[in-house]
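Summary of structural features
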Amino acid sequence: MATSISEITRAVEALLANPPPIEDRKDGEAELLFDAMDRLRVALEKPEQTVNRIIFSCRTLPIIKIAQGMGIFDAFAAAGHDKPLSLDQLDKQTKGDRPMLVRILRLLITEKVVTKANDLFTLAPFAFQFRNDTVSGEVIKHFHNTALTAIQAPNYLKARDYMSPDDAYDAPHQFANNTKKHYFDWLADDEERQRPFNATMSLPRHDNQNQWFDIYPVRERLDDKSHVFIDLGGGAGHDVASLKSRFPDLPGRLVLQDLPAVVKGVELPSGIEVIPHNMFEPQPIKGARAYYMRTVLHDWPDKQALEVLARTREAMGKSSILLINENVLSEGGADDTPVVAHTDFTMMLNFSSHERTEAEWTELLQKANLKVIKVWKPQQTIKSRALFEAMRADASL
Ligand SMILES: C[S@@+](CC[C@H](N)C(=O)[O-])C[C@H]1O[C@@H](n2cnc3c(N)ncnc32)[C@H](O)[C@@H]1O
């Protein structure tokens, strides 16, 4: 067994030379290694190395966004995968002057995004997704917007004695962006914010190999021509489109609802209706079989989440089902994946909201005069996701 630093380095180099393909890895095996490597790094680093790593980490995203804006990733993509480029070639194909290009390449090398050998630069395979016409490229733009708010959060929280915010109109977002507008209204004001946000929402959800309709008995519950299924706050409709693609013959109506700015111009497979709707207004479709919301309510503190639930509850009939597909925090709070911990932080930054535990979701639904019929959970090791199935408190399946 490798126990010295040099033996472990040799073992890591051997693995690097021949990494096992993703599909051959056992569930969670690589993640255990990452965790061990992260802890080993902190244990072996000199304190100043750890501090340097932490203080420079907030710069990775801005560096990638600058490289994206200069067209560095586009230049590599135009040349083709595995094709190294010289400085002259990159200089000809990117914006900005040569000293800027050299400076950014130097940083990309420290970030392991680019490697340099024999005066030629090669882009790491994962970084091709940062070119300008990709969904992941848009995700960089979206998270850069959020990072601007994160940078200001210490000043916001200090001014409020580090109390948890609960007002969606006085969140770190308003403080950092010098606006009174709610985050969603602020997004809608600028296509350069709305489009990257929509693209980010279209990504498959983290650690969610199972789609909700793989664990929910769709045929049993939603298979009737009188049924209406509403994806409320469904963004550009990727989720309801996936449902349609998995169950093309599902009878009844499929409806996407979201704010007018979000659903404007959205193109969906035929058979899916698009109805602009503000969920704080009375729900126009009464007595639908299913009102479905995926990661919609987590954007709102309890006060507004209860208003949305009240508008939905008013529209629900005795056989209506409410489906809430949400992140779920661990009880006790310190046993969550980094992605869930960061999503909770993002909810605070943009909305003064927070992720909730299973008990908090159940309580929220009860306060809205709804009862939880069943909490559907993905199999495997995923603990951070659940589909809450609820009905009016006076109804039953
Ligand atoms: C976190 S996104 C989730 C989008 C989608 N359900 C998904 O899972 O990809 C929250 C969605 O709520 C929508 N939303 C925000 N305020 C809304 C409102 N007042 N009425 C309807 N939809 C709203 C946003 O436009 C956004 O699409």
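Computed from a prediction, not measured in an experiment: that's the story for all the values here.

Across its full length, the chain carries 18 helices and 11 strands. By its C-alpha atoms, the chain is 70 × 50 × 50 Å across when sized along the principal axes. By residue count, 42% of the 397 residues in the chain fall in the buried class. Carbon and sulfur atoms form 55% of the exposed surface of the chain, whose accessible area is close to 21500 Å².

A separate point is the sheet that holds strand 3 (residues 120–123). What the three strands build is an open sheet, ordered 1-3-2; its pairing is antiparallel. What marks the edges here is a single partner per strand, and that holds for strand 1 (85–86) and strand 2 (114–117). Where strand 1 lies against strand 3, two bridges are found, and the strand directions are antiparallel. Bridging across to strand 3, Ser86 finds its partner in Leu120.

With that out of the way, let us pick up the domain arrangement of the chain. If you check the domain split of the chain, you get domain 1 (42–127), domain 2 (135–201) and domain 3 (212–332 + 348–392). Using only C-alpha atoms to locate each centre, domain 2 and domain 3 end up separated by 24 Å. On the domain 3 side, the residues contacting the 22 residues of domain 2 number 14 residues. When the two sides are added together, the surface that domain 2 and domain 3 hide from each other amounts to roughly 1500 Å², 65% of it contributed by carbon and sulfur. Where domain 2 touches domain 3, the interface holds zero salt bridges. The interface formed by domain 2 and domain 3 holds three residue pairs in polar contact (both at pLDDT 80 or more) in total. In terms of residues, the side of domain 2 that touches domain 3 owes the most to one element, helix 8 (residues 135–159), which gives six residues. Of the residues belonging to the side of domain 2 that touches domain 3, the class tally is 13 nonpolar, six polar and three charged.

Grouped together as the largest cluster of nonpolar side chains are 36 residues, with contacts concentrated most on Ile230, Met293, Leu297, Leu309, Leu322, Ile324 and Leu370. Listing elements by their share of this core, those giving two or more residues are helix 10 (183–188), strand 4 (228–232), strand 7 (290–294), helix 16 (302–315), strand 8 (321–329), helix 17 (338–351), helix 18 (358–367) and strand 11 (385–392). The two domains that each donate at least three residues to this core are domain 2 (135–201) and domain 3 (212–332 + 348–392). When neighbours within four sequence positions are excluded, Met293 is seen to be in contact with Leu232, Val308, Leu309, Thr312, Leu322, Leu323, Ile324 and Asn325.

Attention shifts here to the pattern of salt bridges. What the rule picks out here adds up to 26 salt bridges. Among the ionic pairs, Lys141 bridges to Glu138, the shortest N-O distance being 3.1 Å. Note that Lys141 and Glu138 are positioned in helix 8 at a spacing of three residues, about one turn of the helix. Judged by relative accessible area, which is 8%, Glu138 ranks as buried. Among the salt bridges present, the one from Arg221 reaches Glu389, with a minimum N-O distance of 2.7 Å. Residue Arg221 is found in helix 13 (residues 218–222), and its partner Glu389 is found in strand 11; the two are separated by 168 residues along the sequence.

On to helix 8, then. With 25 residues, helix 8 should reach 36 Å at 1.5 Å per residue; the first-to-last C-alpha distance of 37 Å fits that figure. When the local axis directions of helix 8 are compared, the greatest deviation, roughly 45 degrees, occurs at Gln152, which is followed within four positions by the proline Pro154. Where helix 8 ends, the next residue or the one after it, Asp161, has phi of about 55 degrees, a positive value.

Take the site of the ligand next. Neighbouring residues of the ligand: 20 residues in total, closest Gly233, His238, Asp258, Asn278 and Arg294. Between the ligand and Arg294, the relevant distance is 2.6 Å, taken from an oxygen atom to a side-chain nitrogen or oxygen of the residue. Here the ligand has 580 Å² of accessible area as a free molecule, and 97% of this is covered by the chains. Of the residues belonging to the shell around the ligand, the class tally is nine nonpolar, seven polar and four charged.

What follows deals with the packing of aromatic side chains. This model, assessed by the stated rule, comprises 19 aromatic pairs. Ring centres 5.5 Å apart and planes at 70 degrees place the aromatic pair Trp212 and Phe213 in the edge-to-face group. For the pair Trp212 and Phe213, one class covers both residues: buried. Between Trp212 and Tyr216, the ring centres sit 6.1 Å apart and the planes meet at 45 degrees, which makes this aromatic pair tilted. An aromatic cluster of three or more residues is present, and its members are Tyr183, Phe184, Trp186, Phe197, Phe280, Trp300 and Phe351. For the cation-ring pair, Arg356 lies above Trp361, with the distance from its terminal atom to the ring centre recorded as 4.9 Å.

Orientation of helix 4 (residues 60–70) relative to helix 7 (residues 98–110), taken along the N-to-C sense of each, is 135 degrees, at an axis distance of 10 Å. On the basis of the axis angle, helix 4 is oblique to helix 7. The element helix 4 and its partner helix 7 pack so that their crossing is left-handed. Contacts between helix 4 and helix 7 involve Ile63, Ile66, Ala67 and Met70 on the former and, on the latter, Met100, Leu101, Ile104, Leu107 and Leu108. Here the contact of helix 4 with helix 7 is built from residues that sort into nine nonpolar, no polar and no charged.

There is a patch of nonpolar side chains on the surface, built from Leu15, Leu33, Phe34 and Met37 and spanning about 350 Å² of accessible area. Take the nonpolar patch: its biggest share by element is three residues, from helix 2 (residues 29–44). Locating Phe34 in the fold gives a position in helix 2.

Conventions and cut-offs
Residues numbered from 1 in each chain as written. Predicted model: local features only at pLDDT ≥ 70, side-chain atom pairs only at ≥ 80, totals over all residues. Heavy atoms only, no water. Helix = DSSP H or I, 4+ residues; strand = E, 2+ residues; numbered from the N terminus. Buried < 20%, exposed > 50% of the residue type's maximum accessible area, 1.4 Å probe, protein only. Areas by Shrake-Rupley, 256 points an atom, 1.4 Å probe, with all protein chains shown as cover. Pairing = 2+ DSSP bridges. Domains from an automatic or database assignment. Contact = heavy atoms within 4.5 Å. Buried area = accessible area lost by both parts, 1.4 Å probe. Salt bridge = Lys/Arg side-chain N within 4 Å of Asp/Glu carboxyl O. Polar contact = N/O pair within 3.5 Å; in protein donor to acceptor, adjacent residues only side chain to side chain. Nonpolar A, V, L, I, M, F, W, Y, C, P; charged D, E, K, R; others polar. Core = buried A, V, L, I, M, F, W, Y, C linked by side-chain atoms within 4.5 Å. Expected span 1.5 Å × (residues − 1). Bend = angle between axes of the 7 residues up to and from the residue. Near = heavy atom within 4 Å. Phe/Tyr/Trp six-rings, centres within 6.5 Å; stacked < 30°, edge-to-face > 60°. Lys NZ or Arg CZ within 6 Å of the ring centre and 35° of its normal. Axes fitted to C-alpha atoms, helices over the stretch in contact; angles between N-to-C directions. Parallel < 35°, antiparallel > 145°, perpendicular 65-115°, else oblique. Left-handed = near helix turned anticlockwise from the far one by under 90°. Patch = residues over 30% accessible without salt bridge, like charges linked within 9 Å, V, L, I, M, F, W, Y side chains within 5 Å.

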